[in-house]
Amino acid sequence: MATLKDIAALAGVSPSTVSRVLQEDATLSVTEQTRERIRQAAQELGYVKPQRKNIQKMYRMKAGNIA
């Protein structure tokens, strides 16, 4: 599974920029060309957006609070 770092490396941007573009952050000031480059890199690498439920579970596990 592709990570934000993988996409960032392929697109030539930072992982935080990748994250903000994929979350459709309207306050991010990047060109449409950069947005498209990130989207294309994500598609090429087979990136799948994690489900919110899984993210919360992951944080609980890292904190040692397996519920």
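Everything here concerns the structure above.
Residues numbered from 1 in each chain as written. Predicted model: local features only at pLDDT ≥ 70, side-chain atom pairs only at ≥ 80, totals over all residues. Heavy atoms only, no water.

Caption draft 1: Broad picture of the pattern of salt bridges. Taken as a whole, this structure holds three salt bridges when the rule is applied. Between D25 and R20 there is a salt bridge, and its shortest N-O distance comes to 2.8 Å. Take R20: its relative accessible area is 32%, and that puts it in the partly exposed class. Residue R39 pairs with E32 through a salt bridge whose shortest N-O separation is 3.2 Å. Residue classification places R39 among the partly exposed residues on the basis of a relative accessible area of 35%. One salt-bridge network, held together by shared partners, links E32, E36 and R39. (Salt bridge = Lys/Arg side-chain N within 4 Å of Asp/Glu carboxyl O. Buried < 20%, exposed > 50% of the residue type's maximum accessible area, 1.4 Å probe, protein only.)

Caption draft 2: Region of the structure containing helix α1 (residues 4-11). By the burial criterion, the buried members of α1 are I7, A8 and A11. With its buried residues spanning 100° around the axis, α1 presents them on a single face. Opposite its buried face, α1 presents the exposed residues K5 and A9, each directed more than 90 degrees away. Buried residues in α1 make contact with α2 (15-22) and α3 (32-44). Downstream of α1 by one or two residues, G12 has phi in the positive range, about 75°. (Helix = DSSP H or I, 4+ residues; strand = E, 2+ residues; numbered from the N terminus. Arc of directions from axis to C-beta. Contact = heavy atoms within 4.5 Å.)

Caption draft 3: Representation of the side chain of R35 in the model. As for its placement among the helices and strands, R35 is situated in helix α3. No salt bridge is formed by the buried R35. Its closest oppositely charged neighbour is E32, at 4.3 Å. Apart from the residues within four sequence positions on either side, R35 is in contact with V21, D25, L28 and V30. (Lys, Arg positive; Asp, Glu negative; His and termini not counted.)

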